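Summary of the model geometry
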Amino acid sequence: MFYYKRLNSDLSFIQKIKEIDYVLLICIILLSLISLMVMYSTDGGDILFHTKNHFMKLIVLFPLMLVIAFFNIKHWHTFAYVFYFLIILLLVWVSYFGLKASGSQRWMNLYFFVLQPSELMKIAIILTLAKYYHRIKIENVNSLASITLVLVIILLPTILVISQPDLGTSVLIAVSGLIILWIAGVKIKYFVYSFIFGIISLPFIISFLKPYQKLRILTFLDPDRDPLGAGYQIIQSKIAIGSGGFNGKGFLKGTQSYLDFLPEKHTDFIFTLFSEEFGFIGSVGLLILYTIIIIRIIRIGAMSRSNFSKLFCFGFAFSIFIYIVVNLSMVLGLLPIVGSPLPIMSYGGSSLLATMIGFGIVLSAKINHRQLIAG
Amino acid sequence: MIKQNLGIRKSDVFNRRMFILGIAKVFILAGIVTRLFSLQINENKKYLTLSDKNRIREWKLPPIRGNIVDYFGNIIAGNLKVYQLHIIPEQVENFNYLLVRLKTLLNLSDKKIQKITKLKNKFKPWDSIIVSENLTWSQFLKVNNYLYDLVGVKPVMTISRNYPFNDVYTHVLGYVSQPNQEEIIKNKIVQERFVPGMKIGKLGLEKKFENHLIGTNSIQRYEVNAYGKRINQLEFQKGSQGNKIRLTLDTEVQKLSAKLLLNKAGSISVMDIYTGDIIAMYSSPSYDPNLFLFGISQDEWELIRNNPLKPLIHKTISGLYSPGSTIKPIVALSALENKIINPNFKVKCTGKTELYGQTFHCWKEKGHGFVSLKNAMKQSCDTYFYEIARLLGVDRLNITAKKFGLGEKVLGKYFDNEKQGLFPNTSWKKNNLGRGWVLGETLITGIGQGYTQTTPLQLCLMTAQIANGGYKIKPKILVNNKPLSLEQAKNSMKFDSLHSPNLKLFDDPKNIKIIQEAMFSSTNEIYGTSYKSRIDDPKYQFAGKTGTSQVKRISKRERELDLKLEQIPYKDRDHALYVAYGPYINPRYALSIIVEHGGSGSKAAAPMAKELFKLIIDRDKLRKKQSNFEDINI
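The rules behind the values
- Residues numbered from 1 in each chain as written.
- Chains lettered and ligands numbered in written order.
- Predicted model: local features only at pLDDT ≥ 70, side-chain atom pairs only at ≥ 80, totals over all residues.
- Helix = DSSP H or I, 4+ residues; strand = E, 2+ residues; numbered from the N terminus.
- Rg over C-alpha atoms; globule rule 2.2 N^0.38 Å.
- Buried ≥ 20, exposed ≤ 12 C-beta atoms within 10 Å, placed from the backbone.
- Contact = placed C-beta atoms within 7 Å.
- Domains from an automatic or database assignment.
- Nonpolar A, V, L, I, M, F, W, Y, C, P; charged D, E, K, R; others polar.
- pLDDT = per-residue confidence, 0-100.
- Pairing = 2+ DSSP bridges.
- Axes fitted to C-alpha atoms, helices over the stretch in contact; angles between N-to-C directions.
- Parallel < 35°, antiparallel > 145°, perpendicular 65-115°, else oblique.
- Left-handed = near helix turned anticlockwise from the far one by under 90°.
- Core = buried A, V, L, I, M, F, W, Y, C linked by C-beta atoms within 7 Å.

1. A word on the overall build of chain A
Counting secondary structure elements, chain A contains 15 helices and 3 strands. Taken against the 2.2 N^0.38 rule, which gives 21 Å for 375 residues, the C-alpha radius of gyration of chain A at 21 Å falls within 12% of a compact globule. Considered along the principal axes of its C-alpha atoms, chain A spans approximately 65 × 50 × 40 Å. Buried residues in chain A amount to 51% of all 375 residues. Contacts spanning at least 24 positions in sequence make up 71% of the contacts within chain A whose residues lie at least 6 apart.

2. Here we look at the domain arrangement of chain B
All names here are of chain B. When the domains of chain B are assigned, the result is domain 1 (59–246) and domain 2 (251–301 + 316–625). The straight-line distance from the C-alpha centre of domain 1 to that of domain 2 is 46 Å. Across the boundary between the two partners, domain 1 contributes 28 residues, which contact 20 residues of domain 2. Counting residues per element, the ones that place at least two in the side of domain 1 that touches domain 2 are strand 4 (129–135), strand 5 (153–162), helix 6 (170–173), strand 6 (176–177), helix 9 (204–208) and strand 10 (245–246). The element that contributes the greatest number of residues to the side of domain 1 that touches domain 2 is helix 6, accounting for 4 residues. Taken together, the residues of the side of domain 1 that touches domain 2 sort by class into 12 nonpolar, 9 polar and 7 charged.

3. With respect to the interface of chain A and chain B
Interface size is commonly expressed as the accessible surface area that is lost when the partners come together. Across the contact, 37 residues belong to chain A and 37 residues belong to chain B. Looking at which element gives the most residues to the side of chain A that touches chain B, the answer is helix 14 (residues 307–331) of chain A, with 9 residues. Across the side of chain A that touches chain B, the residue classes break down as 21 nonpolar, 12 polar and 4 charged.

4. So, the confidence of the model for chain B
All names here are of chain B. Looking at chain B, pLDDT values average 89 and 98% of them are 70 or higher. Below pLDDT 50 for its whole length, residues 1–7 participates in 3 contacts with residues either more than four positions away or in separate chains. Here the complex is predicted with pTM 0.70, and the ipTM for its interfaces comes to 0.90.

5. Section: the pairing of strand 14 (residues 352–355) of chain B
Put simply, side chains in a regular strand alternate between the two faces of the sheet. Residue and element names in this part refer to chain B. Both strand 14 and strand 15 (residues 358–361) contribute to a ladder of 4 bridges, which runs antiparallel. Bridge pairing links Lys352 to His361 in strand 15. Counting the residues between successive antiparallel strands, the hairpin from strand 14 to strand 15 contains 2 residues, one of them, Tyr356, with a positive phi of roughly 45°.

6. Let's talk about the packing of helix 14 of chain A against helix 15 (residues 349–367) of chain A
Residue and element names in this part refer to chain A. One can describe the packing of helix 14 onto helix 15 by two numbers: an axis separation of 10 Å at closest approach and a directional angle of 140°. Comparing their axes, helix 15 and helix 14 come out oblique. In this structure, the crossing between helix 14 and helix 15 has a hand that is left-handed. Across the interface between the two elements, Ser309, Phe312, Cys313 and Phe316 from helix 14 touch Gly358, Ile361, Val362 and Ala365 from helix 15. Of the residues that constitute the contact of helix 14 with helix 15, the class distribution is 6 nonpolar, 2 polar and no charged.

7. Notes on the nonpolar core
Residues Val270, Met271, Ala332, Leu591, Ile593, Ala605 and Ala609 of chain B are the most contacted members of the largest nonpolar core, which totals 119 residues. Each of two domains, domain 1 (59–246) and domain 2 (251–301 + 316–625) of chain B, supplies a minimum of three residues to this core. With near-sequence residues (within four places) excluded, Ala609 of chain B lies in contact with Ser533, Phe542, Gly544, Tyr578, Ala580, Leu591 and Ile593 of chain B. Grouped together as the second largest cluster of nonpolar side chains are 112 residues, Ile179, Leu181, Leu332 and Leu353 of chain A included.

8. Points about the environment of Thr463 of chain B
Residues and elements named next belong to chain B. In this fold, Thr463 is placed in helix 20 (residues 456–467). Considering only alpha carbons, one finds Thr463 and Lys545, 82 residues apart in sequence, at a separation of 9.3 Å. Look past the residues within four positions of Thr463 in its chain and what remains in contact with it is Val579, Ala580, Tyr581, Ala590 and Ser592.

9. Re the sheet that holds strand 1 (residues 99–101) of chain A
Residue and element names in this part refer to chain A. Across the sheet, which stays open at both edges, the 3 strands sit in the order 1-2-3 with antiparallel pairing between neighbours. Pairing within the sheet leaves two strands with one partner each, and these edge strands are strand 1 and strand 3 (114–115). Judged from the 2 bridges that link them, strand 2 (residues 104–109) and strand 3 form a sheet pairing that is antiparallel. Of the residues in strand 3, the one forming a bridge with Asn109 is Val114.

10. Overview of the sheet that holds strand 1 (residues 56–60) of chain B
Two pairing modes exist for strands in a sheet, parallel and antiparallel, and in both the strands are linked by backbone hydrogen bonds. Residues and elements named next belong to chain B. Spatially, 1-8-9 is the arrangement adopted by the 3 strands of the open sheet, whose pairing is antiparallel. A single partner strand is all that each edge strand has here, and the edge strands are strand 1 and strand 9 (230–237). With direction set aside, neighbouring strand axes in the sheet form an average angle of 30°. Here strand 8 (residues 219–224) runs beside strand 9; their pairing, made up of 6 bridges, is antiparallel. Bridge assignment links Tyr222 to a residue of strand 9, and that residue is Gln233.

11. Quick word on the confidence of the model for chain A
With 94% of its residues at a pLDDT of 70 or more, chain A has an overall mean of 88. Note that pLDDT drops below 50 for residues 1–8 of chain A; the model gives that stretch 7 contacts with residues more than four away or on any other chain.

12. Quick word on the environment of Leu25 of chain A
Residue and element names in this part refer to chain A. Mapped onto the fold, Leu25 is located in helix 3 (residues 22–42). Since 18 C-beta atoms lie within 10 Å of it, Leu25 is described here as partly exposed. Between the alpha carbons of Leu25 and Gly360 there is a distance of 9.9 Å; along the sequence they are 335 residues apart.

13. Observations concerning helix 11 (residues 251–260) of chain B
Residues and elements named next belong to chain B. Burial runs high along helix 11: 7 of the 10 residues are buried. Listed in full, the buried residues belonging to helix 11 are Thr251, Val253, Gln254, Leu256, Ser257, Ala258 and Leu260. For helix 11, the secondary structure elements touched by its buried residues are strand 3 (75–87), strand 11 (266–272), strand 12 (278–284) and helix 24 (601–625).

14. Thoughts on unusual backbone geometry
Residues and elements named next belong to chain B. A cis amide bond, omega -10°, links Ser284 with the succeeding residue Pro285. Among the structural elements, Pro285 can be located in the loop between strand 12 and helix 12 (298–305). The peptide bond linking Gly582 to Pro583 adopts the cis configuration, its omega dihedral lying at -10°. With respect to the helices and strands, the residue Pro583 is situated in the loop between strand 18 (575–582) and strand 19 (589–595). Notably, Asn166 is not glycine yet its phi reads approximately 45°, a positive angle. By the element assignment, Asn166 lies in the loop between strand 5 and helix 6. With phi around 55°, Lys339 is a residue other than glycine that occupies positive phi space. Along the chain, the position of Lys339 falls in the loop between helix 14 (328–337) and strand 13 (347–349). Accessibility expressed as a C-beta count within 10 Å gives 10 for Lys339, which makes it exposed.

What follows is the structure, given as structure tokens:
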């Protein structure tokens, strides 16, 4: 297999710099700046706790992303399974010793940083499955053994995260995994069958949900049933977005946000604030920025010669897309409220860390796109 | 090579699957943009409203009531700046400490402190508590000096009702005070504009014209956060002061009336005989309406309520009195009009008349001898009026009395507590007492005793209508637009009577003239009952009729004793009455005076008329000069 490696295994530093996807990089920088601006607004037009911390995280994680970018993607291939198991171990550790907050136990205190391993699992699952399908023969993709194994790989972290409990992240991990299955070519009928099975077993799943999760679904179906309680968030979120109108209320002028009507405005509902202040124009602009990022990642995937890179890029691109869709659908009242951050925009270190690692790997895939990786 | 082929094949699968995902993505994205569009563009208005509803809260301030002014534009019910002390609990660091400080600073009672603590627990922490509604200037200064030590205390300047003439107008104006639940619910406008601290009319014109006087709320719009805390003021929408009311009353005459009736129970009414403008209506004793503004204390209230002179009764319109001899002009007029007698008809007064074994006394024990109509009026001979009443009959007398407004409300719609009084006739007695009329009752009705009950304002109106030549006038208390001049008023009065004959109260103008002359002699000729109170200067000269109304039947023994006023218990003393009009040549004003338990009309009531006419006629010039009338729609 070394035969392929020589093609461009070791690029010089200058070559690497030339190979960077600058459009993607600029988009990421732009998004980071927007996120800082919005964070500044959530602090009421002041550089306070959230703005400072978000800025610090970006300052640390942006170079990290670049370091990863210059790091050959083949190493990610090599250590993908190790990475996966490491995160699994962290998840197990967290379920015993993790920090508790608002009824769930999903964090570990690293003293300089509070890590949420489930966020990293979003990347780990893509890496692992990308490696798995990179190595497996195409004839075996639809074999029972393979599918069973892959389902175990997906379900293991999903169940660990669900038990934290953290429905939102676990769903996103599962979806990220399933996307790889889809891209890898698992037969469509399996997806159709499991979808039908899923619909049939929905009542049973619901019966296993925690009361607060059931409430969220009920509230989603009819937010006005309890406008000051469970429905409050979604009603206020819709008011904020709707009142933004075409042009928005203007930077730092989002009344819903600075008068504290918006819940969780730093994290899951960050888009609400953005949309209130920048309106339809701003929202669509942000969506376009995200779309460019996703298209660039897909493009990198498409130009990559190695299937590992390809699968990772496609998987990561679609995962980001799903994160965005889930988050926006939630704040727009199209989906029940599940905790799901908006990539880069939302305040939260672990999510940002995972996203930045992901971007780093994608950039690395671009730099090394001519390289093949031995299965 | 095989592996490579496989690899290529694999990547084909990847690309194909990714393409399908890509299409799905486009649709999903389109869905999200559509949703954004529908929320932000289509439903923008709805959500903008909701967002404003979220963040903007309105605070209504109490409306400022319209002024009530007298005929000359002097404010008799106005508004005054008052200094209040508010506490905003959420800003207070140590509530107990603050209360202790305030207690010593303002001498608050323990009860008051308890009340504040109670209020604090009742309201939201950002709602201000009114600690004191009416601080004196020195208290206000003190609070301001120690403000650094009183965190959370807010000295506030606000507007409150004020009655500058204190008790002079109380019965007319009434007063304002905090409304109770029922009053708020009953009046839609009050309900709409109600805010704590607002006051509404509880009595009198303040109550009657509540909706006219109330004014609109000023509105402060604040931006509030999700917890309801005020962040900043967005707008101050100034409300408009309530509408003005202008009265026909003259403060100077009103004040003189108050002075004359000081420490007495009674009433004075003065009326323009052509326009019906009421110049004064004062009921004594009165009380200070300012006491009610900030809640009257129990002690003060008890003092008013238990006063034996009954300050709470508006005697001018709710006090019912036997008219006594003041009815005699009507009795005489009725007899002349019905052609029962002619002016030369004479009766011999021996001091008493016997009828069916019952004795009817004249006030003068020795009798007046032969008296004509004029002399009978002048000396108020009872025997003469027993006789003509007997000849006339109560039913015919009743018709004349009714024409002149006795037994009917004078102002009607303005005061809820106005009484209509009573002038009896035979069918009234049959219907209400179930017994037949007795001739003896006709006799005592003829001297204004018996069943007859009149209000002081009715007597004033009656006198005014005699003075103006016998035309019905409509008494009024409000000035709605520019008043008529004397000529216009006279002409319109006569003109109106041509069209509606019931406005003309006589058949033969000579009869009215005879009565007027008789009243003149009663005041201005020797032996007249009010001769001592006359004014010789024709400018002020007036004509009147005294009256003394018994509150209790005089026993034979008492009659023989001939007690002095001071010797009779207050409750049993006669009411003193006087009705008059002036100036005698070209008359303009009529008045009625009643002094409860004042003794005789000539001694207690008539002298007041002398002082009143001097003032009233002096002020007539000013009254005519008065301009700047605006149209007021009520």
